[in-house]
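Secondary and tertiary structure notes
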Amino acid sequence: MNQIIQQAREVIHRWIEALNDRRADAASNLYTEDALLLPTFSPRALSAPADRLDYFKSLTGRPELRVELHDSTLRFLRLPADVVTVSGIYRFLFAVDGEPLAFEARFTMVLSPADPNPIRHHHSSQVPRGLT
């Protein structure tokens, strides 16, 4: 596997581990200063570091939070200048009013995997449930 793609895969796993370990600051620190986060559980676009941190604090504060990656759904596209886009599906699990719930979400990240703050852009949205 290409080294830059392997580094991108590791960034995704670091992001998930940070959330599963309830380390909001570690998740937030993966983003560049001017990164844009279009989060799964917020209607707002988050471009300020403090806003991203607040979002991750709220998310990691959810009872029984767990994020699982559907590794087989990952797709990588290498762009010029060692930039990679990664898209796939992950599942958020947490309790709401004591009830365990699962939310499938699709995502795309734009990464500079070798950088200390590799995430440049992140869009995540819930997979719509069927209407039929």
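Since the model is a prediction, treat every value here as computed from it, not as a measurement.

Before going further, it helps to examine the pattern of salt bridges. Within the structure shown, the criterion is met by six salt bridges. R9 is the partner of D71 in a salt bridge, and the nearest nitrogen-oxygen pair spans 3.2 Å. You can see D71 sitting in strand β2 (residues 66–79) and its partner R9 sitting in helix α1 (residues 3–20), a full 62 residues away along the chain. In this structure D71 comes out as partly exposed when scored by relative accessible area, which is 39%. E104 is the partner of R91 in a salt bridge, and the nearest nitrogen-oxygen pair spans 2.5 Å. Of this pair, R91 sits in strand β3 (residues 83–96) while E104 sits in strand β4 (residues 99–111), and the two are 13 residues apart along the sequence.

Looking now at the sheet that holds β2. Read from one edge of the open sheet, five strands run β1-β5-β4-β3-β2, paired in mixed fashion. Two strands in the sheet have a free side with no partner beyond their single neighbour: β1 (31–38) and β2. Averaged over all pairs of adjacent strands, the angle between their axes in this sheet comes to 20 degrees, without regard to strand direction. With 13 bridges joining them, β3 and β4 adopt antiparallel strand pairing. Bridge pairing in β4 places A95 opposite P100. Relative to β2, α1 is tilted by about 155 degrees, and along the sheet it contacts β1, β2, β3, β4 and β5 (119–126). Seen against the sheet, helix α3 (residues 49–60) touches β1 and β3 and runs at an angle of roughly 55 degrees to β1.

In this structure, W15, L19, F56 and F92 are the most contacted members of the largest nonpolar core, which totals 34 residues. Those elements giving two or more residues to this core turn out to be α1, α2 (24–28), β1, α3, β2, β3 and β4. The dominant element in this core, judged by the number of residues it contributes, is α1, at nine residues.

Here α3 is twelve residues long and its end C-alpha atoms lie 16 Å apart, about the 16 Å a rise of 1.5 Å per residue gives. Every buried residue of α3 is accounted for by R52, Y55, F56, L59 and T60. Projection of α3 onto a plane perpendicular to its axis shows the buried side chains occupying an angular sector of 125 degrees, all on one side. In the core, the buried residues of α3 are packed alongside α1, α2, β1 and β3.

Let us now look at the pairing of β5. When β1 meets β5, the two strands line up parallel, connected through four bridges. Opposite L37, over in β5, you have H122 as the bridge partner. As defined by bridge partners, β4 adjoins β5 across seven bridges and the pair is classed as antiparallel. When the bridges of β5 are listed, T108 appears paired with H123.

What counts and what doesn't
- Residues numbered from 1 in each chain as written.
- Predicted model: local features only at pLDDT ≥ 70, side-chain atom pairs only at ≥ 80, totals over all residues.
- Heavy atoms only, no water.
- Salt bridge = Lys/Arg side-chain N within 4 Å of Asp/Glu carboxyl O.
- Helix = DSSP H or I, 4+ residues; strand = E, 2+ residues; numbered from the N terminus.
- Buried < 20%, exposed > 50% of the residue type's maximum accessible area, 1.4 Å probe, protein only.
- Pairing = 2+ DSSP bridges.
- Axes fitted to C-alpha atoms, helices over the stretch in contact; angles between N-to-C directions.
- Contact = heavy atoms within 4.5 Å.
- Core = buried A, V, L, I, M, F, W, Y, C linked by side-chain atoms within 4.5 Å.
- Expected span 1.5 Å × (residues − 1).
- Arc of directions from axis to C-beta.

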